[in-house]
Amino acid sequence: MLMLDRLKKLFNSPVTSTSAPEAADRLHVAAAALLVRAAQIDGHIDDGEAALLKRLIGPYFGLSETEAQELLEQAHAAIDAANDLFQFTQLINTNFDESHKQMLMQLLWQIVLSDGVVDDYEANLLRRVAGLIHVSDQDAGAARKAAETALAAQQD
């Protein structure tokens, strides 16, 4: 539970560049959109991925269940309307500090690993996101290991 508390604290803490509510909302949508994209990149969002998205979005973003559902709907709409990931990663890269970026990578890995299979599209997406938000390969690997540990703890 220590890791869960630490991650909650990271997402609930102010971002580095701005703390205006609308900027925070845009950042939440950007981060949630990347999580949704990670869930759907293999062609569909299965029940386990959908449940994990709901479990991650609310608590990690400091939102009520209703707010989390609204954010998920906004994230789905945003990712469906997007031509690329740059609009999301640019916001994150500009406003998140290193610990926020690392935590986002960990959440992305949890989504990708939740079905027990990492296909080429998923691995490529996470490499691209890591590059676009300036997370090193070493830190992305550490995020994957932390996500594996978190998922194993959830299953126990």
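Residues numbered from 1 in each chain as written. Predicted model: local features only at pLDDT ≥ 70, side-chain atom pairs only at ≥ 80, totals over all residues. Heavy atoms only, no water.

Draft legend 1. Examining the overall build of the protein chain more closely. Helix and strand content of the protein chain: eight helices and zero strands. When the helices and strands of the protein chain are read in sequence order from the N terminus, they spell out α-α-α-α-α-α-α-α. Going through the 156 residues of the protein chain one by one, you find that 44% of them count as buried. Taking the intrachain contacts of the protein chain between residues at least 6 apart in sequence as the baseline, contacts between residues at least 24 apart amount to 80%. Accessible area for the protein chain stands at about 8,200 Å²; split by element, carbon and sulfur atoms hold 51% of it. (Helix = DSSP H or I, 4+ residues; strand = E, 2+ residues; numbered from the N terminus. Buried < 20%, exposed > 50% of the residue type's maximum accessible area, 1.4 Å probe, protein only. Contact = heavy atoms within 4.5 Å. Areas by Shrake-Rupley, 256 points an atom, 1.4 Å probe, with all protein chains shown as cover.)

Draft legend 2. Just helix 6 (residues 98-113), in detail. Taking 1.5 Å of rise per residue, 16 residues should cover 22 Å, and helix 6 covers 22 Å from first to last C-alpha, within 8% of that figure. Counting buried positions along helix 6 gives 13 out of 16 residues, so the element sits mostly inside the fold. (Expected span 1.5 Å × (residues − 1).)

Draft legend 3. Structural view of the environment of glycine 43. Residue placement: glycine 43 occurs in the loop between helix 2 (21-40) and helix 3 (47-61). Exposure remark for glycine 43: the relative accessible area of 62% places this residue in the exposed category. Note: C-alpha distance between glycine 43 and tyrosine 121 (78 residues apart in sequence) is 9.5 Å.

Draft legend 4. Region of interest: the environment of valine 36. The residue valine 36 is located in helix 2 in this model. For valine 36, a relative accessible area of 0% puts it in the buried group. Taking C-alpha positions, valine 36 is 6.9 Å from alanine 75, a pair spaced 39 residues apart along the chain. With near-sequence residues (within four places) excluded, valine 36 lies in contact with Ile45, Leu53, Leu72, Ala75, His76 and Ile79.

Draft legend 5. Focus on the pattern of salt bridges. With the rule as written, the count across this model stands at two salt bridges. Put simply, glutamate 98 and lysine 101 hold a salt bridge, and the shortest N to O gap is 3.8 Å. One end of the pair, glutamate 98, and the other, lysine 101, are both in helix 6, three residues apart, so they sit about a helical turn from each other. For lysine 101, a relative accessible area of 5% corresponds to the buried category. With its nearest N and O atoms 3.2 Å apart, the salt bridge here joins arginine 144 to glutamate 148. In this pair, arginine 144 and glutamate 148 are both assigned in helix 8 (residues 137-155), four residues apart and thus about one turn of the helix distant. (Salt bridge = Lys/Arg side-chain N within 4 Å of Asp/Glu carboxyl O.)

Draft legend 6. Focus on unusual backbone geometry. In this structure, histidine 134 is a non-glycine residue whose phi angle is positive, near 60°. Mapped onto the elements, histidine 134 comes out in the loop between helix 7 (120-132) and helix 8. Classification of histidine 134 as exposed rests on a relative accessible area of 53%.

Draft legend 7. Inspection of the environment of glutamate 148 at higher detail. Exposure remark for glutamate 148: the relative accessible area of 36% places this residue in the partly exposed category. Distance in space between the C-alpha atoms of glutamate 148 and tryptophan 109 is 7.9 Å, their sequence separation being 39 residues.

Draft legend 8. Structural detail: the packing of helix 3 against helix 4 (residues 65-81). Two elements in contact, helix 3 and helix 4, have axes separated by 9 Å at closest approach and are oriented at 115°. Considering how the two elements wind past one another, helix 3 and helix 4 form a crossing that is right-handed. Where helix 3 approaches helix 4, its residues Leu53, Lys54, Ile57, Gly58 and Phe61 are matched on the opposing element by Ala68, Gln69, Leu71 and Leu72. Taken together, the residues of the contact of helix 3 with helix 4 sort by class into six nonpolar, two polar and one charged. (Axes fitted to C-alpha atoms, helices over the stretch in contact; angles between N-to-C directions. Left-handed = near helix turned anticlockwise from the far one by under 90°. Nonpolar A, V, L, I, M, F, W, Y, C, P; charged D, E, K, R; others polar.)

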